[in-house]
Amino acid sequence: MQVAVVTFDGFNELDSFIASALINRCRPDGLEAFITTPTPVVTSMNGVEVTGQRPMEFVAEADVVLIGSGVKTRDVVADNRLLSALPLDPARQLIGSQCSGALVLAHLGLLEGRPACTDRTSRPFVEARGVTVLDAPFHVEGNIATAGGCLASQYLATWVITRTLGEEAARGVLDYVAPVGENLETVERGLRAVRAGEPVRS
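Described in the following lines is the structure provided in the data block. On a predicted model such as this, the values are computed, not experimentally measured, just so you know.

In this section: the packing of helix H1 (residues 13-23) against helix H6 (residues 153-165). What describes two packed helices is the angle between their axes and the distance between those same axes. Between H1 and H6, the shortest axis-to-axis distance is 8 Å and the interhelical angle comes to 35°. Regarding H1 and H6, the two cross each other, and that crossing is right-handed. On the side of H1, the interface is formed by Leu14, Asp15, Ile18, Ala19, Leu22 and Ile23, while H6 contributes Ser153, Gln154, Ala157, Val160 and Ile161. Taken together, the residues that form the contact of H1 with H6 break down as 8 nonpolar, 2 polar and 1 charged.

Here it is in structure tokens:
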């Protein structure tokens, strides 16, 4: 199972790297994440240059696609060429967004009729697309999840691992990366956030 962590120029390091690092703890179980970029090299919001591991064409074949956040997301959604490079299919793929990545999903029409999570800076722009923004770090409906706040990227990764490999695999990853002495708290908080993000079914 392959995960495309879509990373644009101006990206937020926490968003792309936390999700990919946590997911890649599951390589032995067949789940692997790749930083996926529209150009061979992208530069973060803090000037860190990163060489992409996969080109944008990889998005079409990935089992999971996570849209990262950054300071140039509004430029991304104004670029029809970039948007057309994201042929996302929620019937076949798990799709997630981190912070301003929700704006990309909104422009692709994937958030119609469903609420979403995003960061405070991106909120008015996401709402301007007619999307109800929740005061929550994580929300999921079906195969589409959104996360708000940089450190909520751990919840997005936890969701991906839970949906693909099961809750025990997610527990193992969260336990490994938890601050010493806070293992149980970290594991339970991550799983609780993912469970809380699921809509209540009648």
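Here the narrative resumes, following the displayed structure.
Counting 33 residues, the largest nonpolar core has Val3, Ile23, Leu66, Phe138, Trp159 and Val160 as its most contacted members. Of the residues forming this core, the biggest block, 6 residues, is contributed by H6. The contact partners of Phe138, leaving out residues within four places of it in the chain, are Cys117, Ala145, Thr146, Ala147, Tyr155, Leu156, Trp159, Ala193, Val194 and Gly197. Counting residues in each nonpolar core, the second largest holds 29 residues, with Leu83, Leu111, Val126 and Val131 among its members.

Structurally, Cys26 can be placed in the loop between H1 and strand E2 (32-37). Those residues in contact with Cys26 that lie beyond four places of it in its chain are Leu31, Ile161, Leu165 and Val173.

Turning to its location among the elements, Ala178 is positioned in the loop between helix H7 (167-177) and helix H8 (183-197). Ala178 sits in the buried class, given a relative accessible area of 10%. Not counting residues within four places of it along the chain, the set of residues in contact with Ala178 comprises Asn183 and Thr186.

Before going further, it helps to examine the pattern of salt bridges. A side chain of one charge can pair with a side chain of the opposite charge when the charged atoms of the two come close. Going through the model one piece at a time under the given rule, you end up with 10 salt bridges. One salt bridge connects Arg81 with Asp79, and the closest N-O pair in it is separated by 3.6 Å. A relative accessible area of 23% means that Asp79 is categorised as partly exposed. Shared partners join several salt bridges into a network, and the residues in it are Glu167, Glu168, Arg171, Glu188 and Arg195.

One open sheet accounts for 7 strands, arranged E5-E2-E1-E6-E7-E9-E8; its pairing is mixed. Of all the strands in the sheet, just strand E5 (54-55) and strand E8 (138-141) have a single pairing partner and so form its edges. Bridge analysis of strand E6 (residues 64-67) against strand E7 (residues 94-98) gives 4 bridges, and the strand direction is parallel. The residue bridging Leu66 from the neighbouring strand is Gly96, located in E7. Running at roughly 170° to E7, H6 makes contact with strand E1 (2-6), E6, E7, E8 and strand E9 (144-147) of the sheet.

On to the pairing of E1, then. Taking burial as the measure, the 5 residues of E1 include 4 buried ones, the bulk of the element. Two strands pair when backbone bridges link them, and E1 and E2 are joined in this way by 5 bridges, in the parallel orientation. Following the sheet pairing, Ala4 is matched in E2 by Phe34. Assessed by its sense of winding, the connection that carries the chain from E1 through H1 to E2 is right-handed. Pairing between E1 and E6: 4 bridges, direction parallel. Paired with Ala4 across the two strands is Val65, which belongs to E6.

The rules behind the values
Residues numbered from 1 in each chain as written. Predicted model: local features only at pLDDT ≥ 70, side-chain atom pairs only at ≥ 80, totals over all residues. Heavy atoms only, no water. Axes fitted to C-alpha atoms, helices over the stretch in contact; angles between N-to-C directions. Helix = DSSP H or I, 4+ residues; strand = E, 2+ residues; numbered from the N terminus. Left-handed = near helix turned anticlockwise from the far one by under 90°. Contact = heavy atoms within 4.5 Å. Nonpolar A, V, L, I, M, F, W, Y, C, P; charged D, E, K, R; others polar. Core = buried A, V, L, I, M, F, W, Y, C linked by side-chain atoms within 4.5 Å. Buried < 20%, exposed > 50% of the residue type's maximum accessible area, 1.4 Å probe, protein only. Salt bridge = Lys/Arg side-chain N within 4 Å of Asp/Glu carboxyl O. Pairing = 2+ DSSP bridges. Right-handed = clockwise from strand over helix to strand, strands pointing away.

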